[in-house]
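Each chain is listed here by its residues.
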Amino acid sequence: MARRAVERELSRERILEAARHLFITKGYRAISMRSIGQHLGYSHGSLYYHFKEKAELFYAIVMKDFNDLNDLLLEISGKSPCDGVSKLEQLMLEFVRFGLDNPYQYEIMFMIRDEELLSYCRSEQGRCFEMFAMLVRQYLLEENYSEEERRTVPLTLFLSLHGFISYYIQDRIGFDEIKPAALTHIKVLCRSLYSRV
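Rules and cut-offs
- Residues numbered from 1 in each chain as written.
- Predicted model: local features only at pLDDT ≥ 70, side-chain atom pairs only at ≥ 80, totals over all residues.
- Heavy atoms only, no water.
- Helix = DSSP H or I, 4+ residues; strand = E, 2+ residues; numbered from the N terminus.
- Buried < 20%, exposed > 50% of the residue type's maximum accessible area, 1.4 Å probe, protein only.
- Contact = heavy atoms within 4.5 Å.
- Salt bridge = Lys/Arg side-chain N within 4 Å of Asp/Glu carboxyl O.
- Phe/Tyr/Trp six-rings, centres within 6.5 Å; stacked < 30°, edge-to-face > 60°.
- Lys NZ or Arg CZ within 6 Å of the ring centre and 35° of its normal.
- Expected span 1.5 Å × (residues − 1).
- Bend = angle between axes of the 7 residues up to and from the residue.

1. So, the overall build of the protein chain
Looking only at helices and strands, the protein chain features 10 helices and zero strands. Ordered by position from the N terminus, the helices and strands of the protein chain form the series α-α-α-α-α-α-α-α-α-α. Expressed along its principal axes, the backbone C-alpha trace of the protein chain runs to roughly 65 × 30 × 30 Å. Out of the 197 residues in the protein chain, the part that is buried amounts to 47%. Nonlocal contacts in the protein chain, meaning residues at least 24 apart in sequence, comprise 73% of its contacts between residues at least 6 apart.

2. Here's the deal with the pattern of salt bridges
Evaluated as defined, the whole model comprises 10 salt bridges. A salt bridge links Glu75 to Lys79, with the shortest nitrogen-to-oxygen separation between them at 3.1 Å. A salt bridge links Arg127 to Glu124, with the shortest nitrogen-to-oxygen separation between them at 2.7 Å. Of the two residues, Arg127 and Glu124 both sit in helix 8 (residues 115-142), three residues apart, roughly one turn of that helix. If you follow the salt bridges from partner to partner, you end up with Glu17, Arg20 and Asp65 in one network.

3. Describing the packing of aromatic side chains
Applying the stated rule across the entire model yields 14 aromatic pairs. Where Phe95 meets Phe158, the ring centres are 5.3 Å apart and the plane angle is 55 degrees; that geometry is what we call tilted. Linking Phe95 in helix 6 (residues 87-101) with Phe158 in helix 9 (residues 147-169), this pair joins segments that are 63 residues apart in sequence. Its guanidinium or amino end placed over the ring of Tyr28, Lys54 lies 4.1 Å from that ring's centre, counting from NZ or CZ. A cation sits over an aromatic face here: Arg172 above Tyr104, 4.8 Å from the ring centre.

4. Examining helix 2 (residues 12-26)
Between its first and last C-alpha, helix 2 extends 20 Å over 15 residues, near the 21 Å set by a 1.5 Å rise per residue. Considering only its buried residues, helix 2 is in contact with helix 3 (33-40), helix 4 (44-48), helix 5 (54-77) and helix 7 (103-111).

5. Looking at the environment of Leu74
Here Leu74 lies in helix 5. Exposure remark for Leu74: the relative accessible area of 42% places this residue in the partly exposed category. Between the C-alpha atom of Leu74 and that of Leu91, which follows or precedes it by 17 residues, the distance is 9.2 Å. Not counting residues within four places of it along the chain, the set of residues in contact with Leu74 comprises Met131 and Leu135.

6. Considering helix 8
The α-helix winds at 3.6 residues per turn, so residues separated by three or four positions along the chain end up facing the same way. Its 28 residues place the ends of helix 8 40 Å apart at the C-alpha level, agreeing with the 40 Å of an ideal helix rising 1.5 Å per residue. At Cys121, helix 8 shows its largest kink, close to 40 degrees. Just downstream of helix 8 lies Asn144, where phi reads positive at about 60 degrees.

Written as structure tokens, this is what we have:
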């Protein structure tokens, strides 16, 4: 097969998916471009057509995953809530869904412990939190919450959702299996907000 045909067949998306899985299951340091190529059935040279080095590949994964989550949050914020939940509850429910239905992505985005890799994630984590916080603050502003509440509540909600996802993600439980528990968790979080209005 000609080199150009192989390079077209081996897409960036396939490389990102394989590398994401290997980084989580084997660890970033244990994986090389060669091992990613072998996992895909290609020479590591084919990967260099798309990425200059492993760090660039990792950063591409981080950027794609955070962009996907940010796009989802924006999309949800523009939709009317359904199933008897508020707009805020719908936003939080979709955040939990993303984490549980995309465990490898979520682990790289929020749970990686390697200091070198954290440097790739920190700014994107901050950008993602700011998007989440902005959407929560919009809801709180519409409901006449105080400036102090609009400042502090988003972080409390974000950390609580992260804790919920972190607890269930280790068992690879999908969102549909855990949706009733997720909804209960979110309703409890919001109960104190609603009782204040």
